[in-house]
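Per-entry structural report
Residues per chain are reported as follows:
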Amino acid sequence: MTSGDSGAARPTRTNGDLDDAVSVFLRHRRRLFGIAYRVLGSVTEAEDVVQEAWLRWQMTDRSVVDSPAAFLSTTATRLAINVAQSARVRREAYIGPWLPEPVDTSADPELGAERAEALELALLLVLQKLNPTERAAYVLREAFDYGYPEIAAMLQLSPANVRKIVSRARRHLLDGAPESVDAAEHRRLLDAFVAAARTGDVASLEALLTPDALSLSDGNGIRGCARIPVLGAARVAMLSVHRQFWGGGVETEPVTANGRPGVLLGREGHPPVFLTVTASKEGIHQVLWVFTPSKITAFLDSRSRTATALG
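Throughout what follows, the structure given in this document is the object of discussion. (Residues numbered from 1 in each chain as written. Predicted model: local features only at pLDDT ≥ 70, side-chain atom pairs only at ≥ 80, totals over all residues. Heavy atoms only, no water.)

**Focus on the overall build of the protein**
Condition: Where helices and strands are cited, they refer to DSSP runs of H or I of at least four residues and of E of at least two residues respectively, numbered from the N terminus. Throughout, exposure labels follow a simple rule: accessible area from a 1.4 Å probe, protein chains only, divided by the maximum for the residue type, with under 20% read as buried, over 50% as exposed, and the rest as partly exposed. We call two residues in contact when some of their heavy atoms are within 4.5 Å. Reported accessibility uses the Shrake-Rupley method at a 1.4 Å probe radius. Residues are deemed covered only where the shown protein chains occlude them.
In terms of regular secondary structure, the protein is built from 13 helices and six strands. Out of the 311 residues belonging to the protein, those deemed buried represent 48%. Contacts in the protein between residues at least 24 apart in sequence constitute 67% of all its contacts with a sequence separation of at least 6. By element, 52% of the accessible surface of the protein is carried by carbon and sulfur atoms, the whole surface being about 15,100 Å².

Following this line, the structure appears as structure tokens:
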């Protein structure tokens, strides 16, 4: 029975109590966002989770909380799982390929994770194939290095079960995946791709791509945006030189998203387009385009927060 049910007075909250609550929350906010973003692949949804975690932290009896960090991480994780379960229905109605929302990581002020695992767009995309609990277990272990007993407590599972889930998720995500190139080589390949695409050099594009290269365009029904994956170096190269991308005096701006180089394509009168690639020593094997305005807006908002954090 709660104090409200019994008629007992609730604990009196002073301004000092609230100041302490704010201080503790801000200390952990980056981690909460990092957990939620990796589980959901959405900046907007992750921000909503963080906001709800703050409301719950504000309203809870903090005097009985032994570990604020554990309380907040558990709250954010469970909220993210709930959102992921409801998001599945919305994404089934999505028109065309769905890609995670890119987030600015030029200084990593929001993600704030000790490790970069489960942050690259391509891995976040594959991560969505796991169920939300598997996703959360993998993220907590691989990206934030929580111990199996800690994860078990958060997810209300046994440590042995968590070990099996993480092991199975790791195999599912990483088995057969080519090893990524470093950031400098990634930028070189992306710049070469953009240079060839904007000049219509199909032959040079094909030389950059692996034979089984895949292009995914996230537009949620936007006119002119490919609604099915495009497979094969020749087809991807032909798609990538389309005037839709490069006509009308398009300008390119290098950015850093999800720990990897990307580029914003923009021209007057049109919303920006985000482009990145995934690559191995064999070449570019994925080309990822984000057209959906809400996702571009979320990325630009994350850039604004980065600029603010850097002063």
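After presenting the structure, the write-up continues.
**Here we look at the environment of Arg 30**
Its location among the elements puts Arg 30 in helix 2 (residues 15-40). Each C-alpha atom of the pair Arg 30 and Val 50 lies 9.2 Å from the other, and the pair is 20 residues apart in sequence.

**Observations concerning the pairing of strand 5 (residues 273-280)**
Which entries qualify depends on this criterion: Strand pairing is assigned whenever DSSP identifies at least 2 bridges connecting the two strands.
Of all eight residues that make up strand 5, eight are buried, and the element is covered over most of its length. Pairing between strand 4 (residues 260-266) and strand 5: three bridges, direction antiparallel. Across the sheet, residue Leu 265 finds its bridge partner in strand 5, namely Val 273. Between strand 4 and strand 5, which pair antiparallel in sequence order, lie six residues; one of them, Gly 269, sits at a positive phi of approximately 85°. As defined by bridge partners, strand 5 adjoins strand 6 (residues 283-290) across seven bridges and the pair is classed as antiparallel. Looking at the pairing, Thr 278 lines up with Gln 286 of strand 6.

**Points about the pattern of salt bridges**
If the charged atoms of two oppositely charged side chains come close together, the side chains can form a pair. Operational definition: The working definition used for a salt bridge is a side-chain nitrogen of Lys or Arg within 4 Å of a carboxyl oxygen of Asp or Glu.
Under the criterion given, the structure shown has eight salt bridges. Salt-bridge contacts for Glu 134 lead to Arg 168; the nearest nitrogen and oxygen are separated by 3.4 Å. Of this pair, Glu 134 sits in helix 6 (residues 132-143) while Arg 168 sits in helix 8 (residues 159-174), placing them 34 residues apart in sequence.

**Let's talk about the sheet that holds strand 3 (residues 251-257)**
This is how the line gets drawn: Orientation is described by axes fitted as lines to C-alpha atoms, over the contacting stretch for helices, and by angles from 0 to 180 degrees between their N-to-C directions.
Spatially, six strands are ordered 2-1-6-5-4-3 in an open sheet, and the strand pairing comes out mixed. The sheet is open, and its two borders are formed by strand 2 (230-231) and strand 3, each paired with just one other strand. Lying over the sheet, helix 9 (residues 183-198) contacts strand 1 (209-218), strand 3, strand 4, strand 5 and strand 6, oriented at roughly 25° with respect to strand 4.

**Let's talk about helix 4 (residues 68-92)**
For clarity, the threshold we go by: To estimate how far a helix should reach, multiply one less than its number of residues by 1.5 Å.
Between its first and last C-alpha atoms helix 4 spans 36 Å; for 25 residues at 1.5 Å apiece the expected length is 36 Å, and the two agree. For helix 4, the full list of buried residues reads Leu 72, Ser 73, Thr 74, Thr 75, Ala 76, Thr 77, Leu 79, Ala 80, Ile 81, Ala 84 and Ala 87.

**Re the nonpolar core**
Stated formally: Nine residue types can take part in a nonpolar core, namely buried Ala, Val, Leu, Ile, Met, Phe, Trp, Tyr and Cys, and a core is a set of them joined through side-chain atoms within 4.5 Å.
Of all hydrophobic cores here, the largest spans 64 residues; its most connected members are Phe 25, Tyr 37, Trp 57, Leu 127 and Phe 274. Counting residues per element, this core draws most heavily on helix 2, which supplies 10 residues. Apart from the residues lying within four places of it in its own chain, the contact partners of Leu 127 are Arg 38, Ala 118, Arg 135, Tyr 138, Val 139 and Leu 173. Membership of the second largest hydrophobic core comes to 29 residues, among which are Leu 205, Ala 213, Cys 225 and Ala 279.

Function cannot be read off these values alone, since they describe shape.
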